[in-house]
Amino acid sequence: MTSPSLELQGLLVQTLKADAAVNALVSGAVYDRIPKDAPMPYIQIGATDETPLDASCFVYSEHTVQLDVFSREFGQVECKRITDAIKRALHYADLSLNDNSIGDVRVDSIRYLTDPDGVTTHGIVNIKTIVEER
């Protein structure tokens, strides 16, 4: 059996890399761990949370996945274009897992900030979904 969290992460990466609008903006740069000297912009799988929601007959968990967008283009325009493309690719998308069952995927929030270097724009897209372990 595949870990629900690991399978969900793989699905999100695969979906983002396959989406034409996302790919046009980040050239397939969707990472779990950012390679040294990776050019910006890119998307990184950030913090994830898994909360058990066990029922008497089923094993469910709510998953929150943070997708971090990093851009060095002046201002927030590029970052906002990328987060918007992520939202269009994932929000209530018809997605499925191979080993587990996934509920609706939704974009729960989007946030923008300037990183401590004073140059990098950082977008944070929080995704939520329920996964049933099979």
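See the structure shown above.
Every value quoted in this text rests on a predicted model; they were computed, and no experiment measured them.

Visitor: Go over the packing of helix α1 (residues 4-18) against helix α3 (residues 77-90), please, and point to the residues and values.
Guide: Direction vectors running N to C along α1 and α3 enclose 115 degrees, while the axes themselves pass 10 Å from each other. Judged by the inter-axis angle, α1 sits roughly perpendicular to α3. Two packed elements cross with a definite hand, and for α1 against α3 that hand is right-handed. Between α1 and α3, the residues in contact are L12, T15 and L16 and I86, A89 and L90, respectively. When the residues that make up the contact of α1 with α3 are grouped by side-chain class, the tally is 5 nonpolar, 1 polar and no charged.

Visitor: Account for the nonpolar core, naming residues and giving values.
Guide: Grouped burial of nonpolar side chains is what soluble globular proteins tend to show. Judged by nonpolar contacts, the single largest core of 32 residues is most densely connected at L16, I43, L67, I86, L90 and I127. Elements with a minimum of two residues in this core: α1, α2 (20-26), β1 (30-31), β2 (42-52), β3 (59-71), α3 and β6 (121-133). The leading source of residues in this core is α3, at 6 residues. L67 has contacts with L16, I43, Q44, I45, I86, L90, G123, I124, V125 and I127, leaving out every residue within four places of it along the chain.

What counts, and where the lines are drawn
Residues numbered from 1 in each chain as written. Predicted model: local features only at pLDDT ≥ 70, side-chain atom pairs only at ≥ 80, totals over all residues. Heavy atoms only, no water. Axes fitted to C-alpha atoms, helices over the stretch in contact; angles between N-to-C directions. Helix = DSSP H or I, 4+ residues; strand = E, 2+ residues; numbered from the N terminus. Parallel < 35°, antiparallel > 145°, perpendicular 65-115°, else oblique. Left-handed = near helix turned anticlockwise from the far one by under 90°. Contact = heavy atoms within 4.5 Å. Nonpolar A, V, L, I, M, F, W, Y, C, P; charged D, E, K, R; others polar. Core = buried A, V, L, I, M, F, W, Y, C linked by side-chain atoms within 4.5 Å. Buried < 20%, exposed > 50% of the residue type's maximum accessible area, 1.4 Å probe, protein only.

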